[in-house]
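# Structural description and commentary
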Amino acid sequence: QVQLVESGGGLVQPGGSLRLSCVVSGFTFSLYAMSWVRQAPGKGLEWVSSINSGGGTTTYPNSVKGRFTISRDNAKNTLYLQVNSLKPEDTAVYYCAKVKSSEITIATMDFHLYDYWGQGTQVTVSS
């Protein structure tokens, strides 16, 4: 049974930081690329970041580049997202998702390439 469980969200002031985690089970984590996706209140899903199976390749949209860092620990079956310099517009539910392949390309932001999702963790940025 595949499970992805996110944690680490919370309420933070603008400019603050959080470290989100996603612990996975039920599949061989080290064989698959992973992504983070977020959904702001009243809006659609927005791709945030992806990382390949080995952790050596990452990609981000311009909206978070330089502020967010995706990483993974394959020995611990855990995906991370370090979020810094948070802005109110970063307020959203953050989901981790398993990609169907090991590598990432420009197409990895296509959600149809994701086959499992976590339940999400809420990040609220407010003073």
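Before going into details, it helps to say that this report is about the structure given with it. Computed from a prediction, not measured in an experiment: that's the story for all the values here. Once a new chain begins, its residue numbering starts again from 1 and follows that chain's sequence as written. It should be noted that, the model being predicted, local features are given only for residues of pLDDT at least 70 and side-chain atom pairs only at 80 or more, the latter also being counted only at that level, while totals for whole chains, interfaces and linings use all residues. With hydrogens and water stripped out, all remaining heavy atoms of the structure feed into the side-chain values.

## A short note on the side chain of threonine 91
For the purposes of this entry, the term helix denotes a DSSP run of H or I that reaches at least four residues, the term strand denotes a run of E that reaches at least two, and both are numbered from the N terminus. Its location among the elements puts threonine 91 in the loop between β8 (78-83) and β9 (92-99). Per-residue accessibility, obtained with a 1.4 Å probe over protein chains only, is compared with the maximum for each type, and a residue is labelled buried under 20%, exposed over 50%, and partly exposed between these values. Taking relative accessible area as the criterion, threonine 91 reaches 15% and is therefore assigned buried. Of note is the side chain of threonine 91, whose polar atom sits 2.9 Å from the backbone oxygen of proline 88. Side-chain atoms alone can form a polar contact between residues adjacent in sequence; in general such a contact is a pair of N or O atoms within 3.5 Å, and within protein one must be able to donate a hydrogen while the other accepts it. Within the structure, threonine 91 has its side chain in polar contact with the backbone nitrogen of valine 125 (distance 2.9 Å). Look past the residues within four positions of threonine 91 in its chain and what remains in contact with it is Ala40, Pro41, Gln122, Val123, Thr124 and Val125. Between two residues, a contact is recorded if the distance between any of their heavy atoms is within 4.5 Å.

## Some points on the state of the cysteines
The disulfide criterion used throughout: a pair of cysteine sulfur atoms within 2.5 Å. Using the criterion set out here, one finds one disulfide in the structure. The disulfide partner of cysteine 22 is cysteine 96, and the gap between their sulfur atoms is 2.0 Å. On the sign convention where negative is left-handed, the bridge of cysteine 22 and cysteine 96, at about 55° about the S-S bond, is right-handed. Taken together, the residues span a long stretch of sequence, with cysteine 22 in strand β3 (residues 18-25) and cysteine 96 in strand β9 at a distance of 74 residues.

## Focus: the sheet that holds strand β1 (residues 3-7)
Sheets are built from strands that pair by backbone hydrogen bonding, the pairs being arranged parallel or antiparallel. Sheet architecture is open: four strands sit in the order β1-β3-β8-β7, paired in antiparallel fashion. Two strands lie at the open edges of the sheet, namely β1 and β7 (68-73), each paired on one side alone. Each strand axis lies, on average, 15° off the axis of its neighbour in the sheet, ignoring direction. Of the strand pairs in this sheet, β7 and β8 are connected by six bridges, and their pairing is antiparallel. Bridge pairing in β8 links isoleucine 70 to leucine 81. Pairs of strands are assigned from DSSP output, requiring at least two bridges between the strands. To define axes, lines are fitted to C-alpha atoms, for helices over the stretch in contact only, and angles between the resulting N-to-C directions are given on a 0 to 180 degree scale.

## A word on unusual backbone geometry
Located in the positive-phi region is asparagine 77, a residue other than glycine, with phi close to 50°. As for its placement among the helices and strands, asparagine 77 is situated in the loop between β7 and β8. According to the relative accessible area criterion, asparagine 77 is partly exposed, its value standing at 28%. In the Ramachandran plot, serine 85 falls in the positive-phi region, its phi being about 50° despite a non-glycine side chain.

## Some words on the pairing of β9
The element β9 is largely enclosed, with a buried count of seven among its eight residues. Pairing of strand β4 (residues 34-39) with β9, which is carried by six bridges, proceeds in the antiparallel orientation. Bridging across to β9, serine 35 finds its partner in alanine 97. The sheet contact formed by β9 and strand β11 (residues 121-125) spans three bridges and is antiparallel. The partner of tyrosine 94 across the bridge, within β11, is threonine 121. Taken together, the three bridges between β9 and strand β10 (residues 114-117) define a ladder with antiparallel strand orientation.

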